[in-house]
Protein chains: 2
Amino acid sequence: MAGKPQRPFRFQLDLASGVPVYRQIIDQVRGGLALGTLRVGDQLPTVRQAAVELAINPNTVVRAYRELDLLGAIETHQGTGTFVSAQKVERGGAERQRQLDLMTGEFLARAGAAGFQVEEIIGRLEKIAKRKSI
Amino acid sequence: MAGKPQRPFRFQLDLASGVPVYRQIIDQVRGGLALGTLRVGDQLPTVRQAAVELAINPNTVVRAYRELDLLGAIETHQGTGTFVSAQKVERGGAERQRQLDLMTGEFLARAGAAGFQVEEIIGRLEKIAKRKSI
DNA sequence: AATAGTGTACTAGTTTACTGATACAGTCAA
DNA sequence: TTGACTGTATCAGTAAACTAGTACACTATT
């Protein structure tokens, strides 16, 4: 196991939020990846562990892990467990650009409708980028 | 009517995209607002016009307009029509900043999980901003 | 080889989401 | 007032989404 032994990642459910359980799991893994709480090689809770801990059906955990696996964020190994993958997501330039276009376009429409201008959004992102490079 | 008379906003459907029709309508209105294609006071196609033009049921248009109305993006007047609202979303600076933080943070987590870096996202947004100012 | 633990696959049941049909109520102009 | 046009409301049908139950297949350890 490439990752260091450490406290296992914990999921938390907000049943009042209306967000499907499997989606909450996905979002939490993604958040952990983006924030560095999860690192390459880290092991995620097993399907059964998570199911017991969250009092849900194992197949719901499977659903989340499967989607994360398809995204290339994690790797699942039958008999072994589920691990944060190397994140070497090699994607063709055109396909990748298209996805970026899609995500930014969608975000812009949403932020625009909430009254924000592109310029202030960029400003905010640049501030985050500065903080990140410290 | 506060807006200038001009060509009515047109919706376009992409039935192959898998995105629900009503959502496409919402997204297109929001996109129009963000890009300035739609301005305060502009009238949107009536429920029946849009339904006929898009070959869909009027209630599907109603669904979209209702959600946009709830968002405060438009105002619907029974017997009159549907208009882009004043968008005078008065929000305190701190509250507004907090929402911007929330939206950008969420977007970053998602984009980060998909493998994009802040810098390329900013680049993309700047390109859009340039196009807009032409 | 046996056992315990791992994820996978498949089916079924329930809930939610989406769209359509249609009647009702309001507005505006003639 | 009437008629045409406007959005609103309600119900119904269908598809999609979500979750659960359970057996199967693989891996690792003893």
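Owing to the predicted nature of the structure, the values given are computational and were not obtained by experimental measurement. (Residues numbered from 1 in each chain as written. Chains lettered and ligands numbered in written order. Predicted model: local features only at pLDDT ≥ 70, side-chain atom pairs only at ≥ 80, totals over all residues. Heavy atoms only, no water.)

## Topic: the protein's contact with DNA strand C
Then comes step 1: Taken together, 23 residues surround DNA strand C, and among them A:R48, B:Y22, B:N57, B:N59 and B:Q78 come closest.
Then comes step 2: Of what DNA strand C places within 4 Å of the protein, 61% of the atoms are sugar or phosphate.
Then comes step 3: Within the side chain of A:N59, a nitrogen or oxygen atom sits 3.0 Å from a base nitrogen of DNA strand C.
Then comes step 4: Here a phosphate oxygen of DNA strand C and a side-chain polar atom of A:T82 are 3.3 Å apart.
Then comes step 5: The greatest single-element share of the surface near DNA strand C, amounting to 3 residues, is contributed by helix α3 (residues 58–70) of chain B.
Then comes step 6: Of the residues contributing to the surface near DNA strand C, the split by class is 6 nonpolar, 15 polar and 2 charged. (Near = heavy atom within 4 Å. Polar contact = N/O pair within 3.5 Å; in protein donor to acceptor, adjacent residues only side chain to side chain. Helix = DSSP H or I, 4+ residues; strand = E, 2+ residues; numbered from the N terminus. Nonpolar A, V, L, I, M, F, W, Y, C, P; charged D, E, K, R; others polar.)

## Comments concerning the pairing of strand β1 (residues 74–77) of chain A
Then comes step 1: Sheet analysis places β1(A) next to strand β2 (residues 81–84) of chain A, joined by 4 bridges and oriented antiparallel. What sits directly across from A:I74, in β2(A), is A:V84. (Pairing = 2+ DSSP bridges.)

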